Amino acid sequence: MRSNSGRRRFIKGAGLTGTIALAGCISSTDNGGDGTDTATPTEESDSTETESGDGTETQTEDGSDAGADVSVGMVYATGGLGDKSFNDMAQQGALQAEEELGISFDEAQPEQNSDFSPAQRNFAESGDYDLISCIGFAQTDALTENADRYSDQHFQIVDSVVDSGNVASYVFREHEGSFQVGHLAGLLTSQSFEAGEGSTTGDSTNVGFVGGLDVPLIRKFQAGYEAGVEYANSDVDVQSSYVGSFNDAATAREAALSMYDSGADIVYHAAGASGLGVFQAAQERGKFAIGVDADQSRSEPDFADWILASMVKRVDTAVYTAIESEVNGEFAGGSVTTLGLESDGVACVYGEALGDAIPQDVKDQVDASRQAIIDGEITVPTEP
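S.K.: Could you give me a rundown of unusual backbone geometry, with the residues and numbers involved?
M.R.: The phi torsion at Lys 84 lies on the positive side, around 65°, for a residue other than glycine. Residue position: Lys 84 is located in the loop between β4 (71-75) and α1 (86-101). Residue Lys 84 is classed as partly exposed on the basis of its relative accessible area, which comes to 31%. One non-glycine residue with positive phi stands out, namely Asp 159, at about 85°. Secondary-structure assignment places Asp 159 in the loop between β7 (154-158) and β8 (167-172).

S.K.: Before we move on, can you summarise the side chain of Thr 140 with the specific residues and values?
M.R.: Relative to the helices and strands, Thr 140 is located in helix α3 (residues 140-149). A distance of 2.6 Å separates the side chain of Thr 140 from the backbone oxygen of Phe 137, its partner in a polar contact. Leave out the neighbours within four places in its chain, and Thr 140 touches Ile 157, Ser 160, Val 161 and Val 162.

S.K.: Lay out the packing of aromatic side chains with the relevant residues and their values.
M.R.: Applying the stated rule across the entire model yields 8 aromatic pairs. Here the aromatic rings of Phe 179 and Tyr 231 are separated by 5.5 Å at their centres, their planes lie at 55°, and the arrangement is tilted. Taken together, the positions of Phe 179 in helix α4 (residues 174-189) and Tyr 231 in helix α5 (residues 216-232) put the pair 52 residues apart, joining distant regions of the chain. Look at Phe 179 and you get buried, because its relative accessible area is 2%. What makes Tyr 231 partly exposed here is its relative accessible area of 47%. Taking 4.9 Å as the distance between ring centres and 45° as the angle between the ring planes, the aromatic pair formed by Tyr 225 and Tyr 268 counts as tilted. On the criterion of sequence distance, the pair formed by Tyr 225 in helix α5 and Tyr 268 in strand β13 (residues 266-270) is long-range, its members being 43 residues apart. One cation-aromatic arrangement involves Lys 363 over Tyr 350; the distance from NZ or CZ to the ring centre is 5.1 Å.

S.K.: Give a description of the pattern of salt bridges that names residues and reports values.
M.R.: Under the definition given, this model contains 17 salt bridges. A single network of salt bridges, built from pairs that share partners, joins Asp 159, Glu 174, Lys 220 and Lys 313.

S.K.: Account for the nonpolar core, with residues named and values stated.
M.R.: Counting residues in each nonpolar core, the largest one holds 72 residues, and the members touching the most others are Tyr 225 and Leu 308. Element by element, the count of residues in this core is highest for helix α9 (residues 315-327), at 7 residues. Of all hydrophobic cores here, the second largest spans 18 residues; its members include Ala 252, Ala 264, Ala 281 and Ala 282.

S.K.: Which residues make up the sheet that holds strand β14 (residues 288-293), and what are the values?
M.R.: Sheets are built from strands that pair by backbone hydrogen bonding, the pairs being arranged parallel or antiparallel. Strand order in the open sheet formed by 6 strands is β12-β11-β13-β14-β15-β17, and the pairing between neighbours is mixed. Looking along the sheet, the strands with just one partner apiece sit at the ends: β12 (237-242) and β17 (346-350). Direction aside, the axes of adjacent strands within the sheet are offset by 20° on average. Direction of pairing for β14 relative to strand β15 (residues 307-313): parallel, over a ladder of 5 bridges.

About the criteria used
- Residues numbered from 1 in each chain as written.
- Predicted model: local features only at pLDDT ≥ 70, side-chain atom pairs only at ≥ 80, totals over all residues.
- Heavy atoms only, no water.
- Helix = DSSP H or I, 4+ residues; strand = E, 2+ residues; numbered from the N terminus.
- Buried < 20%, exposed > 50% of the residue type's maximum accessible area, 1.4 Å probe, protein only.
- Polar contact = N/O pair within 3.5 Å; in protein donor to acceptor, adjacent residues only side chain to side chain.
- Contact = heavy atoms within 4.5 Å.
- Phe/Tyr/Trp six-rings, centres within 6.5 Å; stacked < 30°, edge-to-face > 60°.
- Lys NZ or Arg CZ within 6 Å of the ring centre and 35° of its normal.
- Salt bridge = Lys/Arg side-chain N within 4 Å of Asp/Glu carboxyl O.
- Core = buried A, V, L, I, M, F, W, Y, C linked by side-chain atoms within 4.5 Å.
- Pairing = 2+ DSSP bridges.
- Axes fitted to C-alpha atoms, helices over the stretch in contact; angles between N-to-C directions.

Keep in mind that these numbers describe shape and distance, not what the molecule does.
And the structure:
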């Protein structure tokens, strides 16, 4: 396929129906995410570890950049770029591949689920794209159909599995990383703790969880968080609420305010751009929040004094790894790559402003539970 040289092109919502138009907790300084578990759909439990995303350029035998002739089409999840978490992490992986591997990429930002299929089709029908990266579980049905329709096109999907020979699927053990931040929340809410502009009461009996859509994927976050809280202190309950959207900060704010007013010291969100409302509520009440996908103490610096930690999910690693495989002529169609704690595919990352204030004994306990999960001594549930 031919490369799309020059500036990236961006397609938003309305233009998707036609032809493409030109247009253990770790320190917050840890990059992480440079290993993966790879398995076929029927052999996921027997996954083997591979290295990726090491920052080196891939070159051909004549010394030229192998990625210079590789073009990628990015189809983002609804909620769009600027969410400071999931989609932005996906874009970061493509930007890293552009810088390090020399690839080019164009972007589509669907506004609703019905836009996914035409966005995928437009990239595929153009014939210009070696790999089409589909970000988010909501693209599963559209991609299942389009992978069959465009059998010679290489696709990637993140957060779901499409069992097709021309699709490389990437999934995460979100419940493991969520256990880690739940363990942290349960330990800190059980003591008097002050840092930045937030504090705990020391006798709190509950913490909170705010999800985006009530779907199996997001329930994995809730399940892991609840298990981690219980592991820390079985007397602490978890309040939970679902916003119904990944782009409704106002509703998330009201949900979090209700939790704080009911005694919660700490609220964890898995709600995409809606999570901004949780940070706003934490600021208003002088309590703490836990971010998701990216280190949100960095991506949302205005709220760094209230963000204890983030459950980082290395979507950037998934995107970069798939592109690197395409550049190297090693696209693994039909495979499932699973990223968990052992490869830093998910991780609890302490907030940039608050991390140093977290007691070392708390950090040591969270580190110990991380290793226990990796060693199989703790089994983390995937359902609340």
